[in-house]
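Single-letter residue listing:
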Amino acid sequence: MTNNLANNLADILARIAAARKAAINPAPATHLVAVSKTVSEEGIRAALAAGQRLFGENRVQEAQAKFPQLKADYPDLELHLIGPLQTNKVKEAAALFDCIQSLDRIRLADALAAERDRSGHAPRLFIQVNTGEEPQKAGVLPSDLDALVAHARALKLPLEGLMCIPPAADDAAPHFAFLLKLARAHGLDHLSMGMSGDFELAVKFGATHVRIGSALFGVRA
Ligand SMILES: *Cc1c(COP(=O)(O)O)cnc(C)c1O
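Remember, it's a predicted structure, so these values are computed and weren't measured experimentally. (Residues numbered from 1 in each chain as written. Predicted model: local features only at pLDDT ≥ 70, side-chain atom pairs only at ≥ 80, totals over all residues. Heavy atoms only, no water.)

S.K.: Pulling in residues and values, what's your account of the site of the ligand?
M.R.: With respect to spatial proximity, the complete set of residues near the ligand consists of Val 35, Lys 37, Asn 58, Ile 82, Ile 165, Met 195, Ser 196, Arg 211, Ile 212, Gly 213, Ser 214 and Arg 220. Side-chain polar atom of Ser 196 to an oxygen atom of the ligand: 2.5 Å apart, as the coordinates give it. Within the side chain of Arg 220, a nitrogen or oxygen atom sits 2.8 Å from an oxygen atom of the ligand. Considering the ligand on its own, with 390 Å² of exposed area, one finds that the protein chains cover 88% of that surface. Tallied by class, the residues present in the shell around the ligand amount to five nonpolar, four polar and three charged. (Near = heavy atom within 4 Å. Polar contact = N/O pair within 3.5 Å; in protein donor to acceptor, adjacent residues only side chain to side chain. Areas by Shrake-Rupley, 256 points an atom, 1.4 Å probe, with all protein chains shown as cover. Nonpolar A, V, L, I, M, F, W, Y, C, P; charged D, E, K, R; others polar.)

See below:
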């Protein structure tokens with residue numbers, strides 16, 4: 001198990017490096033976010049033993065159950081929230097996560113700013129953009145992005161980048177290209193895009209963060 005995981009990790013890192021080499025305009029660095037949703041604490045420890053330090057979880061409660069002890073044991077562990085955030089979970093999320101990649105509405109920006117003022121916890125932020133304009137999917141609509149960026153900046157929130165999850169049925173390339181264009185237009189340096197099935201393509205379009213679960217930990221039950 002541990003061996004498989006170490007092999008998977010080495011393979012993914014090699015593929016990221018190769019994709020960066022082949023890219024015309026890669027980002028200055030591409031970080032692997034190991035998506036550990038549904039993975040046991042033991043599985044996460046195996047990834048830590050293999051050298052991985054950056055993890056992504058998509059539910060606050062699940063992350064709260066697994067990560068406080070792991071963070072105590074590995075002070076350089078970095079944890080990102082990659083799933084939707086309810087305003088009533090902002091306090092817990094701001095205390096646990098180093099970065100929240102799913103900012104997608106004004107009310108959530110207000111809640112994050114209020115929590116920063118209250119507790120001092122101010123995770124770095126990415127705005128999730130619903131590039132496919134799917135009604136059921138989280139993320140701000142592209143047409144509402146300008147207003148959300150301006151609002152976050154007016155609140156002096158630490159806004160660093162954009163994130164997207166392209167529609168499963170679509171070719172991801174135009175979505176990655178669109179997110180890159182939006183990030184440049186807003187002067188944002190970080191781009192979280194690409195998952196197990198398409199991370200090399202995302203690297204080609206300048207991804208700074210690829211979010212990989214099943215290719216690393218195995219297919220989720
Ligand atoms: C689960 C998840 C991933 C990882 O998906 P894989 O296909 O298993 O690599 C990436 N991003 C988000 C937002 C996810 O929820």
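Having seen it, we continue.
S.K.: I'd like to hear about empty space enclosed by the protein, residue by residue, with values.
M.R.: Tallying each qualifying case throughout the model produces one cavity of 30 Å³ or more. Here the largest cavity defines a volume of roughly 40 Å³. In this structure, the largest cavity is lined by Ala 94, Leu 112, Arg 116, His 121, Ala 122, Pro 123, Leu 125, Leu 157 and Pro 158. Classifying every residue of the lining of the largest cavity gives seven nonpolar, one polar and one charged. (1 Å grid on protein atoms, 1.4 Å probe; cavity = no way out; pocket = protein on both sides within 12 Å on 5 of 7 lines; lining within 4 Å. Points joined across faces, edges and corners; volume = space filled by probe spheres on them.)

S.K.: Could you give an account of the nonpolar core, naming the residues involved and the relevant values?
M.R.: Among the nonpolar cores identified, the biggest contains 60 residues, and Phe 55, Phe 67, Phe 97, Ile 127 and Leu 162 are the most heavily contacted of them. For Leu 162, the contacting residues outside a window of four places in its chain are Phe 126, Ile 127, Val 129, Leu 145, Leu 179, Leu 182, Ala 183, Leu 188, His 190, Leu 191 and Ser 192. (Core = buried A, V, L, I, M, F, W, Y, C linked by side-chain atoms within 4.5 Å. Buried < 20%, exposed > 50% of the residue type's maximum accessible area, 1.4 Å probe, protein only. Contact = heavy atoms within 4.5 Å.)

S.K.: Describe in detail the pairing of strand E2 (residues 54-57), supporting the description with residues and values.
M.R.: On E2, burial covers both faces: Leu 54 and Gly 56 on one face and Phe 55 and Glu 57 on the other are all buried. Two elements, strand E1 (residues 31-35) and E2, share two bridges in a ladder whose sense is parallel. Looking across to E2, one finds that Val 35 is bridged to Gly 56. Handedness of the β-α-β unit built from E1, helix H2 (residues 41-49) and E2 comes out right-handed. Here E2 pairs with strand E3 (residues 78-81) via four bridges, running parallel. Following the sheet pairing, Gly 56 is matched in E3 by His 80. (Helix = DSSP H or I, 4+ residues; strand = E, 2+ residues; numbered from the N terminus. Pairing = 2+ DSSP bridges. Right-handed = clockwise from strand over helix to strand, strands pointing away.)

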